[in-house]
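# Residue-level structural notes
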Amino acid sequence: MSVSDDAIISIRALTKLFPGVTAVDEVSFDIRPNEFFALLGPSGCGKTTLLRMIAGLEMPTSGEITIDGQDMALTPANRRPVNMVFQSYAVFPHMTVEENVAYGLKVVGTPKAEIGPRVEEALRMVQLEQLARRKPDQLSGGQRQRVALARALVKRPKVLLLDEPLSALDAKLRDQMRLELTRLQHAVGITFIIVTHDQDEALSMADRIAVMEAGCVRQIATPTELYEQPASRFVADFIGRVNLLDGEVTGTRDGIVEVETRGLGRIAVAHEGPVSGKVCVAVRPEKLTVSSAEPTDAPIRAQGKVRDVAYYGNASHVFVEIAEGFELTANVQNRSRRIEGDFRPGDTVWISWASEDTLLLTE
Ligand code: ATP
């Protein structure tokens, strides 16, 4: 097997079959040292199974996992240089914070003199030094979550595996913990692999994201690349909001592809490389401009009727029907919206966008 030099984890053709379902299907990729890596995908796509195989909690049906240069095939979970933080962030209710953190070291027979300083170090990492003597029921949800993190960090793993670590927290705390986790990862300098179905979570925290669907990895890229250059319709649709237009290529010349779209007629899209047949044109809602007057200099424009306006405070989503049964969604910042004037259901408006903001997807 070829293992990249610059990889803390190498996964090759990893497959897990359960009766009647292929949970993970010949997946191969590398994770770099000190990377914050996210496995992202809809429910049932196989991300937890993949994480559990890395942890050694699930045996692969076939394929290989190498961690820090060692093949893991015969290495049991407790001898792997990884540690897992579970969704339910289990902590022992009858033990204090520091006893909770010390527990994992005690059971593996760590010398007593070493335990104290290591617990202190782990609590410092998650900023819980002041609360060392409290019991879990005297802590907030976020603080309990940090105890669970400290319990994992105290073992000094090379890789920390986090299965939906923020899903039990309320929305506000989740936002705060996202930032804390990112800062913690930078500070401790170990590799984090997080499983999530929440694209905002992955986009805001991870250095790179593997987007999974039906047991397969569809794309691995940085958050910006995934959002700006999705490789497929599935990824474009899964990461953020997007307007998708089915179309057919009618001609190509000098890096410009002409596409006959359902709903918007013929449009020209910048695209390198050969392309023909059925395609999908994608454009993000924030790339659309909504105006009352026709933007005659915009190469891609269409007139339509506002169907609905959804107000989100800083921005509004304006749903514009371009043709019978065909709508585009524009994300209008409310600062500029005040300048341009309000849009209301029933208004006749123009939608336009720049050619370079148009993505051509072939799968
Ligand atoms: P979720 O976000 O809902 O946790 P997931 O992406 O983590 O989903 P997995 O839990 O890895 O998905 O499950 C992948 C597939 O494997 C699903 O179809 C699931 O039902 C199946 N599966 C997982 N664990 C088992 C098991 N122990 N026995 C049988 N099937 C399983």
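Because the structure is predicted, anything quoted here is derived from the model rather than measured.

## Side note on the overall build of the protein chain
Along the backbone of the protein chain there are nine helices and 20 strands. Its C-alpha atoms put the protein chain at 75 × 50 × 35 Å along the principal axes. Buried positions account for 36% of the 363 residues belonging to the protein chain.

## What about the sheet that holds strand S13 (residues 265–270)?
The sheet built from five strands is open, its strands ordered S13-S12-S11-S14-S20 with antiparallel pairing. Across the chains shown, the open sheet's two edge strands, defined by having one partner strand only, are S13 and strand S20 (359–361). Within this sheet the neighbouring strands show an average axis-to-axis angle of 45°, counted without direction. Bridge count between strand S14 (residues 278–283) and S20: three bridges; the pairing is antiparallel. Within S20, the position partnered with Val281 by the bridge is Leu360.

## Some words on the domain arrangement of the protein chain
If you check the domain split of the protein chain, you get domain 1 (9–236) and domain 2 (241–361). Between the C-alpha centres of domain 1 and domain 2 the distance comes to 39 Å. A per-class count over the side of domain 1 that touches domain 2 returns two nonpolar, one polar and one charged.

## Notes on the site of the ligand
Lining the immediate environment of the ligand, one finds Phe18, Val21, Ala23, Gly41, Ser43, Gly44, Cys45, Gly46, Lys47, Thr48, Thr49 and His197. Looking at the shell around the ligand, the elements with two or more residues in it are strand S2 (21–31) and helix H1 (47–55). With three residues, H1 is the single largest residue contributor to the shell around the ligand. Across the shell around the ligand, the residue classes tally to four nonpolar, seven polar and one charged.

## Observations regarding helix H2 (residues 97–107)
Think of an α-helix as 3.6 residues a turn; residues three or four steps apart then line up on the same face. Taken together, the buried positions of H2 are occupied by Val97, Glu98, Asn100, Val101, Ala102 and Leu105. Of the surrounding elements, those touching the buried residues of H2 are helix H3 (112–125) and helix H4 (141–153). Just beyond H2, the residue with positive phi is Gly109, at close to 75°.

## Topic: the pairing of strand S11 (residues 243–253)
Here S11 runs beside S14; their pairing, made up of six bridges, is antiparallel. The residue bridging Glu248 from the neighbouring strand is Lys278, located in S14. Note that S11 and strand S12 (residues 256–261) share six bridges and pair antiparallel. Note that in S12 the partner of Gly247 across the bridge is Thr261.

## Considerations on the sheet that holds S2
With antiparallel pairing, four strands are arranged side by side in an open sheet as S2-S1-S4-S5. A single partner strand is all that each edge strand has here, and the edge strands are S2 and strand S5 (70–71). The sheet contact formed by strand S1 (residues 9–18) and strand S4 (residues 62–67) spans five bridges and is antiparallel. Each residue of the ladder has a partner; that of Ser10, found in S4, is Thr66.

## Focus: the environment of Asn314
Locating Asn314 in the fold gives a position in the loop between strand S16 (300–311) and strand S17 (315–323). For Asn314, a count of 8 C-beta atoms within 10 Å corresponds to the exposed category. Residues Asn314 and Glu324 lie ten residues apart in sequence; the distance between their C-alpha atoms is 30 Å.

## Regarding unusual backbone geometry
Positive phi is not limited to glycine here, since Ala214 has a value of about 45°. Within the secondary structure, Ala214 is located in the loop between strand S9 (208–213) and strand S10 (216–221). A residue is classified by how many C-beta atoms lie within 10 Å of it, and Ala214, with 15 of them, is partly exposed. Even without a glycine there, the phi angle at Asp254 is positive, about 45°. Within the secondary structure layout, Asp254 lies in the loop between S11 and S12.

## Details of the environment of Val82
Structurally, Val82 can be placed in strand S6 (residues 82–85). C-alpha of Val82 to C-alpha of Ile54: the two residues are 28 residues apart in sequence and 8.2 Å apart in space. Ignoring sequence-local partners within four residues, the contact set of Val82 consists of Ile54, Ala55, Ile67, Pro157, Lys158, Val159 and Leu161.

## Comments concerning the nonpolar core
Counting residues in hydrophobic clusters, the biggest one holds 93 residues, and the most contacted among them are Ala150 and Ile193. Per element, the largest residue contribution to this core is six residues, and it comes from H4. Two domains each put at least three residues into this core: domain 1 (9–236) and domain 2 (241–361). Leave out the neighbours within four places in its chain, and Ile193 touches Ile31, Phe37, Leu39, Leu51, Ile54, Val159, Leu161 and Leu162.

## Points about the packing of H2 against H3
One way to put it is that H2 packs onto H3 with a least axis distance of 10 Å and a crossing angle of 125°. Relative to H3, the element H2 lies oblique. The crossing of H2 and H3 is right-handed. On H3, the residues touching Glu98, Val101, Ala102, Leu105 and Lys106 of H2 are Ile115, Arg118, Val119, Ala122 and Leu123. Its residues assigned to classes, the contact of H2 with H3 shows seven nonpolar, no polar and three charged.

Thresholds applied
- Along each chain, residue indices are assigned from 1 in the same order as the chain's sequence is written.
- With the structure being a predicted model, the display of local features is reserved for residues of pLDDT at least 70 and the display and counting of side-chain atom pairs for 80 or more, all residues being used for whole-chain, interface and lining totals.
- Here a helix means four or more residues in a row that DSSP labels H or I, a strand means two or more in a row labelled E, and each is numbered from the N terminus.
- Remark: C-beta atoms are placed from the backbone, and a residue is labelled buried if 20 or more other C-beta atoms sit within 10 Å of its own, exposed if 12 or fewer do, or partly exposed between those counts.
- A pair of strands is labelled paired if DSSP reports no fewer than 2 bridges between them.
- Axis lines are fitted through C-alpha atoms, for helices just across the contact stretch, and the angle between N-to-C directions can take any value from 0 to 180 degrees.
- By convention here, the domain bounds are inherited from an automatic or database domain assignment.
- Residue type decides the class: Asp, Glu, Lys and Arg count as charged, Ala, Val, Leu, Ile, Met, Phe, Trp, Tyr, Cys and Pro as nonpolar, and the leftover types, Gly among them, as polar.
- In this entry, near means the residue's backbone-placed C-beta atom lies within 6 Å of the molecule or strand.
- Once C-beta atoms are placed from the backbone, any two residues with those atoms within 7 Å are in contact.
- Only buried Ala, Val, Leu, Ile, Met, Phe, Trp, Tyr and Cys residues enter a nonpolar core, and they are joined through C-beta atoms within 7 Å.
- Under this scheme an angle from 65 to 115 degrees is roughly perpendicular, one under 35 degrees roughly parallel, and one over 145 degrees roughly antiparallel; angles in between are oblique.
- Note on convention: the crossing is left-handed when the near helix lies turned anticlockwise from the far helix by less than a right angle, right-handed when the turn is clockwise.

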